[in-house]
Amino acid sequence: MKTLVIADHDNGVLKPETSKTINAALKLGFAVDVLIAGENLAPMSEEVASIAGVNGVLVADNSEYAHQLAENIADLVLSLAPEYSHLVASATTTGKNFMPRVAALLDVAQISEIIDVVDGDTFKRPIYAGNAIATVKSLDSKKVITVRASSFDLQGEQTAADITAIDAVFSSQLSSFVSVEQTESERPELTAAQVVISGGRGMQNGENFSLLHGIADKLGAAIGASRAAVDAGFVPNDMQVGQTGKIVAPNLYIAVGISGAIQHLAGMKDSKVIVAINKDPDAPIFQVADYGLVADLFDVLPELESAL
Amino acid sequence: MKVLVPIKRVIDYNVKARVKADNSDVDLTNVKMAMNPFCEIAIEEAIRLKEAGIATEVVAVTIGAKASQEQLRTALALGADKAIHIETDEKLESLHVAKLLAKIVEQEAPELVILGKQSIDSDNNQTGQMLAALTGRGQGTFASNVDVANGTVNVTREVDGGLQTVALKLPAVVTTDLRLNEPRYASLPNIMKAKRKPLDVIAADSLGVDLTPRISVVEVHEPAKRSGGIIVDDVAQLVDLLKTQAKVI
């Protein structure tokens, strides 16, 4: 029994989800190897090798893997699968993309977005926007699992494990990379930030999100949004916190002008401390908030910025 | 070009799911059901492709109990040309669903399959990717834009940190994200017309797919509840409590 974790990275930066996914994988109780696939991987391979608990690192460094096309990554993982009992990836947009493809090609059911490991076969995962937690047992001999990284801890460091190059190149020709538009931001990533401040429909328009910027700068916070704000076109979808957006669990989550729909709560209710600012005292967000402030956000946001 | 749109009947978006007292599952008795929101976006996209003269036929398919024909009728009212109901009372997993859909893909030979990225009940986000794998097709998941031309579909994908565009050779599979389009409502005349559109029923167990469960649900329980907080008077008190009580800033 042995586990393979597939590392998540983005243009030369290893995502913190990788370390947390390794943390989850170690709870399965078996040796953990990590596969990193992409292009120009040397620095990141060493970083992965130094994550505590990693047994060995497999590096597939080739331009065919540069854009993490699901078809090619899935075939690569499939070629390594015979050696492993458990295949584990982060439930990021990358892991969610290729992992079910791996599962189907192996004729195995995938267990998505686990938040806890009960044992090597049994896992907990949220369903119905997190309104229920299912304990599920995989009956397949091989397990294909994605991990909700926000539910697990970062691993410490170790003396670097062995790094092995994988020469196999898979190029399905089914898809090809066209372009990427990276959201430029000097703020931390939503899923990695210790503090998140999110705006909802109450922000009224995209320009008003600038009211959150000064506060975010002072707190070193990432800026998020509710589905309603994304739906209304105020901000891009990659800022969405919620059931079908990003799942966050920072030390401090500040919800501004967010009513607290089920879908939004699903994405942030595991935050350590929740602050809600809303002028409607009956907004459901106050039911999950540790500190609620019933007020007009346009009055209190400038005040909050200067008070910090 | 034929477009196949698999859809799912799920708990209504606005209804909060409750767990059964015996912790065996979520209680769906007398709960309002609807088409999964991402499936509505998939149907809308297919209809827009037809309106643009790119798609020639839109086929909606669902897998489930008899009641899910309600959602197929909705798809027909929205503009799908025909519907296929794969009937089963079993609770199926994504892999089973993908295998059954692969049989329909074999029969119908659609050049494009468009489906929701995730259903809001099981929250798996698997079926489209599995179907693509089983049918040997390329996949464009979490689409916010779909552009079909010259035997290729360009799909702009909502990824962490931005947008990625990939080109897929047709035939291909696309899964929809939130911003792809805004679904229309069915008009009354179209709802009436939908009743006369063809709806074929196929028994799930007639398709030669092994539907043996691969996952057993041990139990379903409520998530840990957050204890109620306090309402503060003003910003000064909020900042003070965050510093001295919560110690998070």
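Nothing here was measured: the structure is a model prediction, and the numbers come from that model. (Residues numbered from 1 in each chain as written. Chains lettered and ligands numbered in written order. Predicted model: local features only at pLDDT ≥ 70, side-chain atom pairs only at ≥ 80, totals over all residues. Heavy atoms only, no water.)

Novice: Where do I start with the UniProt feature "domain: Electron transfer flavoprotein alpha/beta-subunit N-terminal" (unreviewed entry) in chain A in this structure?
Specialist: With numbering matched to this structure, UniProt assigns "domain: Electron transfer flavoprotein alpha/beta-subunit N-terminal" (unreviewed entry) to residues 3-181 of chain A. Helix makes up 25% of residues 3-181 of chain A and strand 36%, whereas the separation of the span's terminal C-alpha atoms amounts to 34 Å. (UniProt positions renumbered as here; feature names shortened; annotations may be inferred. Helix = DSSP H or I, 4+ residues; strand = E, 2+ residues; numbered from the N terminus.)

Novice: Which parts of the structure should I look at to understand the packing of aromatic side chains?
Specialist: The description of an aromatic ring pair uses the distance of the two centres, along with the angle that the planes make with each other. This model, assessed by the stated rule, comprises zero aromatic pairs over all chains. The cationic tip of B:Lys117 hangs over the ring face of B:Phe142; the distance from NZ or CZ to the ring centre is 5.8 Å. (Phe/Tyr/Trp six-rings, centres within 6.5 Å; stacked < 30°, edge-to-face > 60°. Lys NZ or Arg CZ within 6 Å of the ring centre and 35° of its normal.)

Novice: Can you help me understand the interface of chain A and chain B in this one?
Specialist: Reports often express the size of an interface as the amount of accessible area lost when the parts come together. Of the residues lining the interface, 85 residues belong to chain A; the matching set on chain B comes to 79 residues. Carbon and sulfur atoms supply 54% of the area that chain A and chain B bury against each other, a total of about 6,800 Å² over both sides. Among the residues of chain A in contact with chain B, A:Thr93, A:Tyr128 and A:Tyr291 are the three that bury the most area, contributing 11% of the side total. Where chain A meets chain B, there are five salt bridges. Of the charged contacts in the structure, one is a salt bridge between B:Asp160 and A:Lys246, with a shortest N-O distance of 4.0 Å. (Contact = heavy atoms within 4.5 Å. Buried area = accessible area lost by both parts, 1.4 Å probe. Salt bridge = Lys/Arg side-chain N within 4 Å of Asp/Glu carboxyl O.)

Novice: Just checking my understanding: could you explain the sheet that holds strand 10 (residues 152-159) of chain B for this structure?
Specialist: Hydrogen bonds between backbone groups are what pair the strands of a sheet, and the pairing can be parallel or antiparallel. In spatial order, the strands read 13(A)-11(B)-10(B)-9(B)-12(B)-8(B)-1(B)-6(B)-7(B)-13(B); together these ten strands make up an open sheet with mixed pairing. Two strands bound the open sheet, and with one partner strand each, they are strand 13 (175-182) of chain A together with strand 13 (199-203) of chain B. Neighbour to neighbour, the strand axes of the sheet diverge by 30° on average, direction disregarded. Both strand 7 (residues 82-87) of chain B and strand 13 of chain B contribute to a ladder of five bridges, which runs parallel. Following the sheet pairing, B:Ile84 is matched in strand 13 of chain B by B:Asp200. Packed on one face of the sheet, helix 4 (residues 93-106) of chain A meets strand 9 (138-149) and strand 10 of chain B and runs near 95° to strand 9 of chain B. The sheet contacts of helix 4 (residues 127-134) of chain B involve strand 8 (112-116), strand 9 and strand 12 (172-176) of chain B, and relative to strand 9 of chain B the element is tilted by about 75°. (Pairing = 2+ DSSP bridges. Axes fitted to C-alpha atoms, helices over the stretch in contact; angles between N-to-C directions.)

Novice: Sorry if this is basic, but what is going on with the pairing of strand 10 (residues 132-138) of chain A here?
Specialist: Every other side chain in a regular strand lies on the same face of the sheet, so the side chains alternate between the two faces. With six of its seven residues buried, strand 10 of chain A lies for the most part within the structure. Pairing between strand 9 (residues 122-127) of chain A and strand 10 of chain A: six bridges, direction antiparallel. Paired with A:Thr122 across the bridge in strand 10 of chain A is A:Lys137. Hairpin connection from strand 9 of chain A to strand 10 of chain A: four residues lie between these consecutive antiparallel strands, with A:Tyr128 at a positive phi of about 50°. Bridging between strand 10 of chain A and strand 14 (residues 215-221) of chain B involves six bridges; their strand directions are antiparallel. Across the sheet, residue A:Ile133 finds its bridge partner in strand 14 of chain B, namely B:His221. (Buried < 20%, exposed > 50% of the residue type's maximum accessible area, 1.4 Å probe, protein only.)

Novice: What is the right way to look at the side chain of A:Ser19 in this model?
Specialist: Residues and elements named next belong to chain A. As for its position among the elements, Ser19 is in helix 1 (residues 16-26). Note on Ser19: relative accessible area 9%, which makes it buried. For Ser19, the contacting residues outside a window of four places in its chain are Ile51, Asp153, Leu154 and Gln155.

Novice: Is there a simple way to explain unusual backbone geometry in this structure?
Specialist: Leaving glycine out, the prevailing phi sign among residues is negative, and the prevailing peptide bond configuration is trans. The linkage connecting B:Leu170 with the following residue, B:Pro171, adopts the cis geometry, with an omega of 0°. Secondary-structure assignment places B:Pro171 in the loop between strand 11 (162-169) and strand 12. Within the chain, A:Gln173 stands out as a residue other than glycine whose phi angle is a positive 65°. As for its placement among the helices and strands, A:Gln173 is situated in the loop between strand 12 (162-165) and strand 13. Taking the relative accessible area as the measure of exposure, A:Gln173 reaches 49% and is therefore partly exposed. Located in the positive-phi region is B:Asn30, a residue other than glycine, with phi close to 55°. A residue is classified by how much of its surface remains accessible, and B:Asn30, at 79% relative accessible area, is exposed.

Novice: Explain the layout of surface pockets to me, please; I cannot follow it from the model alone.
Specialist: One simple way to see leftover space: roll a probe sized like a water molecule over the atoms. Residues and elements named next belong to chain B. Computed from the structure, the second largest pocket encloses a volume of approximately 870 Å³. Every residue lining the second largest pocket is counted, 29 residues in all, and those nearest its centre are Pro37, Glu40, Pro183, Arg184 and Tyr185. Per element, the largest residue contribution to the lining of the second largest pocket is six residues, and it comes from helix 2 (residues 69-78). (1 Å grid on protein atoms, 1.4 Å probe; cavity = no way out; pocket = protein on both sides within 12 Å on 5 of 7 lines; lining within 4 Å. Points joined across faces, edges and corners; volume = space filled by probe spheres on them.)

Novice: Would you mind showing me how to read the environment of A:Ile111 here?
Specialist: Residue placement: A:Ile111 occurs in strand 7 (residues 110-114). A:Ile111 sits 74 residues away from A:Ser185 along the chain, and the two C-alpha atoms are 33 Å apart. Every residue in contact with A:Ile111, bar those within four places of it in the chain, is listed here: A:Phe123, A:Arg125, A:Val136, A:Ser138, A:Val144, A:Ile145, A:Thr146, B:Gln126 and B:Ile215.

Novice: Explain the pattern of salt bridges here, please?
Specialist: As a working rule, side chains carrying opposite charge can pair if their charged atoms are close by. All names here are of chain B. Counting across every chain of the model gives 25 salt bridges over all chains. The salt bridge involving Lys91 is made with Asp25; its shortest N-O contact spans 3.0 Å. Here Lys91 is found in the loop between strand 7 and helix 3 (94-108), whereas its partner Asp25 is found in the loop between strand 3 (18-19) and strand 4 (26-27), with 66 residues between them in sequence. Assessed through its relative accessible area of 65%, Lys91 is described here as exposed. Overall, Asp25 belongs to the buried group, its relative accessible area being 18%. Of the charged contacts, one joins Glu108 and Lys82 as a salt bridge, the two residues approaching to 3.1 Å between their closest N and O atoms.

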